[in-house]
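Structural overview
Spelled out, the chains give:
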Amino acid sequence: MKTVRVLIVDDHRLFRSGVRAELGESIQVIGEAEDVESAVQAIAELQPDVVLLDVHMPGGGGQEVLKRVLGSGSQVRFLALSVSDAAEDVIGVIRGGARGYVTKTISGAELTDAIIRVSDGDAVFSPRLAGFVLDAFASTEAPPIDPELDSLTQREREVLRLIARGYAYKEIAKELFISVKTVETHVSSVLRKLQLSNRHELSRWATARRLV
C-alpha cells in the first residue's frame with residue numbers, strides 16, 4: 001500500500017495533534033499549519049499529496065488557501081475537515097477546488113480512508129453533505145445575495161448556527177474550541193450587525209434563512 005503524504009491545516013494545535021494520532025500507518029503527516037499564511041507556505045515547501053484543510057481559520061479561512069494555492073497552478077489535492085456542516089461552507093470550499101468535505105465527527109479509520117481516496121482522485125463527503133453539493137451544482141441559478149449574512153464573519157456564522165440549534169454558550173465554546181468570553185463577544189457582534197436584541201431573535205433569523 002502506498003504512503004500518502006499529508007499536511008494538516010487547522011488553527012487548534014490540540015486538534016492537529018489528535019488527528020495525527022488517529023491516522024493509519026498508510027498516512028505520513030509531513031507538516032502542520034495554523035493559518036492561511038503558514039498553510040500556503042508549507043504547501044509550497046513540502047508539496048504534500050493531500051492537505052487536510054479546516055474551513056474557518058485566521059487570515060481568510062480554507063477558501064483563501066484554496067484560492068491562493070490552486071490559483072498558482074498547484075496540483076495538490078484538498079480534503080476539507082471542519083466542525084461546520086453548513087451548506088454554504090461545504091459548497092464554498094468545493095467550488096474553491098477541494099476534492100471532499102468531512103466533518104470532525106469522523107473516525108480515524110474513516111478519515112484515513114477518505115484521505116487515500118482523495119489522493120487517488122475520488123471525491124469524498126460525509127453522507128449528509130453530499131446532497132448539498134449535488135443540489136448546488138444541479139442549479140444554474142446564482143445564490144441570492146444576502147447583505148446581512150455577508151456582513152458576518154465565518155466564525156460569527158458558526159456561533160449563530162449553534163445558538164439557533166439551542167446550544168448554551170459553554171457548549172458552543174467546547175464545540176468550536178474557543179472560550180466562553182469569545183463566544184459572548186461573537187454573539188454581541190452578531191446582534192449589533194443584524195440589529196437584533198437577544199438570542200431568541202437570532203434563532204428566528206437563522207431559521208428563516210435555513211442556517212440551522
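Residues numbered from 1 in each chain as written. Predicted model: local features only at pLDDT ≥ 70, side-chain atom pairs only at ≥ 80, totals over all residues. Heavy atoms only, no water.

A few words on the packing of aromatic side chains. Applying the stated criterion across every chain, the model contains one aromatic pair. Ring centres 6.3 Å apart and planes at 55° place the aromatic pair F15 and F177 in the tilted group. You can see F15 sitting in helix α1 (residues 13-22) and its partner F177 sitting in the loop between α9 (169-176) and α10 (180-194), a full 162 residues away along the chain. Of the residues examined, F177 reaches a relative accessible area of 43% and is grouped as partly exposed. Here K104 stacks its cationic end above the ring of F15, 4.1 Å away from the centre of that ring. (Phe/Tyr/Trp six-rings, centres within 6.5 Å; stacked < 30°, edge-to-face > 60°. Helix = DSSP H or I, 4+ residues; strand = E, 2+ residues; numbered from the N terminus. Buried < 20%, exposed > 50% of the residue type's maximum accessible area, 1.4 Å probe, protein only. Lys NZ or Arg CZ within 6 Å of the ring centre and 35° of its normal.)

Moving on: the side chain of H56. Turning to its location among the elements, H56 is positioned in the loop between β3 (50-53) and α3 (61-70). With relative accessibility at 5%, the residue H56 sits in the buried group. A polar contact is formed between the side chain of H56 and the side chain of D89, at a distance of 3.1 Å. Within the local environment of H56, its side chain forms a polar contact with the side chain of E158, the two groups lying 3.3 Å apart. (Polar contact = N/O pair within 3.5 Å; in protein donor to acceptor, adjacent residues only side chain to side chain.)

Before going further, it helps to examine the side chain of S84. Locating S84 in the fold gives a position in the loop between β4 (77-82) and α4 (87-96). In terms of polar contacts, S84 uses its side chain to reach the side chain of D89, at 2.5 Å. Once residues within four sequence positions are removed from consideration, S84 is found in contact with H56, D89, Y101, T103, E158 and R161. (Contact = heavy atoms within 4.5 Å.)

Turning our eyes to something else, we now look at the pairing of strand β1 (residues 4-9). The buried fraction of β1 is high, at five of six residues. Note that β1 and strand β2 (residues 27-33) share six bridges and pair parallel. From the neighbouring strand, R5 faces β2, where its bridge partner is Q28. Taking the sense of rotation as the criterion, the β-α-β connection linking β1, α1 and β2 turns out right-handed. (Pairing = 2+ DSSP bridges. Right-handed = clockwise from strand over helix to strand, strands pointing away.)

Moving on, we come to the domain arrangement of the protein. For the protein, the domain assignment lists domain 1 (1-121) and domain 2 (123-212). When each unit is reduced to the centre of its C-alpha atoms, the spacing between domain 1 and domain 2 is 22 Å. Residue-level contacts link 27 residues of domain 1 with 20 residues of domain 2. Between domain 1 and domain 2, a total of about 2000 Å² is buried, with carbon and sulfur atoms accounting for 59% of that surface. In terms of surface lost to domain 2, no three residues of domain 1 exceed H56, V83 and D85, which account for 25% of the buried area on that side. Viewed at the interface, domain 2 and domain 1 are joined by one salt bridge. Residue D11 pairs with R155 through a salt bridge whose shortest N-O separation is 3.9 Å. (Domains from an automatic or database assignment. Buried area = accessible area lost by both parts, 1.4 Å probe. Salt bridge = Lys/Arg side-chain N within 4 Å of Asp/Glu carboxyl O.)

On to empty space enclosed by the protein, then. Taken as a whole and judged by the stated rule, the model has one cavity of 30 Å³ or more. By volume, the largest cavity is sized at about 70 Å³. Lining the largest cavity are D11, H12, D54, H56, S82, V83, K104, R155, E158, E175, L176 and F177. Elements represented by at least two residues in the lining of the largest cavity include exactly α8 (154-164) and α9. Of the residues assigned to the lining of the largest cavity, the class counts are three nonpolar, three polar and six charged. Residue contributions to the lining of the largest cavity reach at least three from each of two domains, namely domain 1 (1-121) and domain 2 (123-212). (1 Å grid on protein atoms, 1.4 Å probe; cavity = no way out; pocket = protein on both sides within 12 Å on 5 of 7 lines; lining within 4 Å. Points joined across faces, edges and corners; volume = space filled by probe spheres on them. Nonpolar A, V, L, I, M, F, W, Y, C, P; charged D, E, K, R; others polar.)

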